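Observations on the three-dimensional arrangement
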2 protein chains.
Amino acid sequence: METKNYCYEYPRPSVTTDCVIFGFDNGELKILLIERGIEPCKGKWAFPGGFMRENENSDECAKRELREETGLQDIFIEQLFTFADVDRDPRGRVVTIAYYALVKLTQYNIQAGDDADNAKWFPISQIPPLAFDHDRILRMAINRLRGKIRYQPLGFELLPERFTIPELQNLYETVLEIKLDRRNFRKKILATGLLIDHNESIKGQPHKGANLYSFDEGKYQQLSNTGFNFEI
Amino acid sequence: METKNYCYEYPRPSVTTDCVIFGFDNGELKILLIERGIEPCKGKWAFPGGFMRENENSDECAKRELREETGLQDIFIEQLFTFADVDRDPRGRVVTIAYYALVKLTQYNIQAGDDADNAKWFPISQIPPLAFDHDRILRMAINRLRGKIRYQPLGFELLPERFTIPELQNLYETVLEIKLDRRNFRKKILATGLLIDHNESIKGQPHKGANLYSFDEGKYQQLSNTGFNFEI
């Protein structure tokens, strides 16, 4: 039987976190979704998330749920927006603090766990019907990523540790849904001084011979403290 | 006697909204604070805010509290960030959804009301000790304003309907805490095509003879839909 031991003078909402997880794979931006194994919205797809506990803040909750439901940890994660519409959840009043995370797809195997039946990457052009108001959360997350990638080096969180400039350009073109001039992009990105050249080139296709770079995190911190603007 | 009629299986936090209100006055960026008339933190200064009701979402709550505590309505207001640290409020677990608002100071008389004793504008260089974690909320709000004013026309929300280019430059310099070149600023701002010239100049000091402009909201909407970047 249900116990209802927590009593208050005024009604209170439940608070959850939900996390939109972006990955980049073969020229496609993808989202990690969990098929809900329980009601409400059983069988629909949703972002990993769950109820915030009494002894954790929302960052801790978002990271715990991510770990429990997907096995992911130590990845870029940031608060997105809080959704508090009165009727957004059939269980009653639920406020969700939404997050977004960026994953280097090459580094992680995703596993489903907990109360989730199934975890799967979907290209953003082929998102299945989502539970609750998760379609609204997704739109907000995509807009945030598009906005921020222009002036913060978020893109590097989605690429392998070492990447070529054509790969980086491809990421920007995919996220922003625009075509960029190859020579101009190369010039701009090298002028930032944020890439470390490893004087090493890749063997395989499709960018045979292209030089490998990595992102200079320390240099970025230094520049951003003095007002640097990472503008593509 | 207190009634405790709302019982749940798991503990739930209270949810509040708080709103950081910016105004711009005589070359100073100011914040509207309320002196708390009740415990906790009685006598300290805080942002207007309060508990979210069962039948309102967080936007509605933030606007209602603003109206009740300061008389302000129909102003620019936007969600900022949600603060959910476990110990941020001595009353127990309280999650606050923070907002920020921008006010044309010339248009409003501020009144204190409700459970607040006193409402007052403070220059951001002279903020008194704040209640709860409101100093953290304030820092986040200032950073958001500084970031956004570079690529969204937020500045116009802080100026009178009609303003001169030196006034606009002064606003940008104050918010960003930098000096801008007068000729360069004028050229950039006119090149955006977002200012309507009223072919009318002000009579008084200190900018005698400077032309009056207003912001072209419709043009901005049009440009921002096609990916316009308002970069100062």
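Structure's up top.
Scope of this entry: the structure provided in the associated data block. Here the structure is a predicted model, which means the values were calculated and not measured. (Residues numbered from 1 in each chain as written. Chains lettered and ligands numbered in written order. Predicted model: local features only at pLDDT ≥ 70, side-chain atom pairs only at ≥ 80, totals over all residues. Heavy atoms only, no water.)

**Notes on the interface of chain A and chain B**
Quick reminder of the rule: Residues are treated as being in contact if the distance between any of their heavy atoms lies within 4.5 Å. Here the quantity called buried area is the accessible surface, traced with a 1.4 Å probe, that two parts lose on coming together, added over both. By definition here, a salt bridge exists when the distance from a side-chain nitrogen of Lys or Arg to a carboxyl oxygen of Asp or Glu is within 4 Å. What qualifies as a polar contact is a pair of N or O atoms within 3.5 Å, subject to a donor-acceptor requirement within protein and to the restriction that residues adjacent in sequence count only when both atoms come from side chains.
Taken together, the contact between chain A and chain B spans 33 residues of the former and 33 residues of the latter. In this assembly, chain A packs against chain B so that about 3,000 Å² is buried in total across both faces, 52% of it on carbon and sulfur atoms. Summed over the shared surface of chain A and chain B, the number is 0 salt bridges. For the pair chain A and chain B, the number of links is 21 residue pairs in polar contact (both at pLDDT 80 or more).

**Description of the relation of the copies chain A and chain B**
The relation between the two copies of this chain is a rotation about an axis and a shift parallel to it. Under the convention used in this document: Least squares is the method for superposing the copies, and the C-alpha atoms it fits come from residues with pLDDT of at least 70 in both.
For the pair chain A and chain B, the best superposition has an RMSD of 0.0 Å and corresponds to a rotation of 180 degrees with a translation of 0.0 Å parallel to the axis. The two molecules are tied by a two-fold rotation axis, judged by turn and shift. Across chain A, the smallest distance between a C-alpha and the rotation axis is recorded for A:Cys7, namely 2.0 Å. A shared interface surface links the copies, since 100% of the contact residues of chain A are contact residues in chain B too.

**Points about the state of the cysteines**
Rules: What counts as a disulfide here is a pair of cysteine sulfur atoms lying within 2.5 Å. Under the DSSP-based scheme used, a helix requires at least four consecutive residues in state H or I and a strand at least two consecutive residues in state E, with every element numbered from the N terminus.
Inspection of the entire model under this criterion finds 1 disulfide over all chains. Note on cysteine connectivity: A:Cys7 is disulfide-linked to B:Cys7, with sulfurs 2.2 Å apart. As the torsion about the S-S bond is roughly 115 degrees, the A:Cys7-B:Cys7 disulfide counts as right-handed. Here the residue A:Cys7 occupies a position in strand E1 (residues 6-8), and B:Cys7 occupies one in strand E1 (residues 6-8), the pair thus bridging two chains.

**Observations regarding unusual backbone geometry**
To keep things clear, this is the line we draw: Relative accessibility decides the category of a residue: with a 1.4 Å probe and only protein chains considered, values under 20% of the type maximum give buried, values over 50% give exposed, and everything between is partly exposed.
The omega torsion across A:Glu39 and A:Pro40 is -5 degrees, close enough to zero to call that bond cis. Relative to the helices and strands, A:Pro40 is located in the loop between strand E3 (28-36) and strand E4 (45-46). Notably, B:Asn199 is not glycine yet its phi reads approximately 45 degrees, a positive angle. Counting through the fold element by element, B:Asn199 comes out in strand E9 (residues 195-201). Judged by its relative accessible area of 67%, B:Asn199 falls in the exposed class.

**Details of the pattern of salt bridges**
For the structure on display, the rule yields 24 salt bridges over all chains. Ionic pairing is found between B:Asp25 and B:Lys30, a salt bridge with its closest N-O pair at 3.0 Å. The buried category is assigned to B:Lys30, whose relative accessible area is 14%. With its nearest N and O atoms 2.6 Å apart, the salt bridge here joins B:Asp89 to B:Arg91. B:Arg91 sits in the partly exposed class, given a relative accessible area of 41%. Here the salt bridges share partners, and the residues they tie into one network are A:Arg53, A:Glu56, A:Arg64, A:Glu65 and A:Glu68.

**Some details on the packing of aromatic side chains**
Where we set the bar: For Phe, Tyr and Trp, where Trp contributes only its six-membered ring, two rings pair if their centres lie within 6.5 Å, and the inter-plane angle classes them as stacked under 30 degrees, edge-to-face over 60, or tilted in between.
Under the counting rule described, the total for this entry stands at 16 aromatic pairs over all chains. Both rings, one in A:Phe156 and one in A:Phe215, keep their centres 4.1 Å apart while their planes meet at 10 degrees; by these two values the pair is stacked. One end of the pair, A:Phe156, is in the loop between helix H2 (134-148) and helix H3 (165-176); the other, A:Phe215, is in strand E10 (residues 211-215), with 59 residues separating them in the sequence. A:Phe156 sits in the buried class, given a relative accessible area of 4%. Since its relative accessible area comes to 16%, A:Phe215 is described here as buried. Where B:Tyr172 meets B:Phe185, the ring centres are 5.9 Å apart and the plane angle is 55 degrees; that geometry is what we call tilted. On the criterion of sequence distance, the pair formed by B:Tyr172 in helix H3 (residues 165-176) and B:Phe185 in helix H4 (residues 182-191) is long-range, its members being 13 residues apart.

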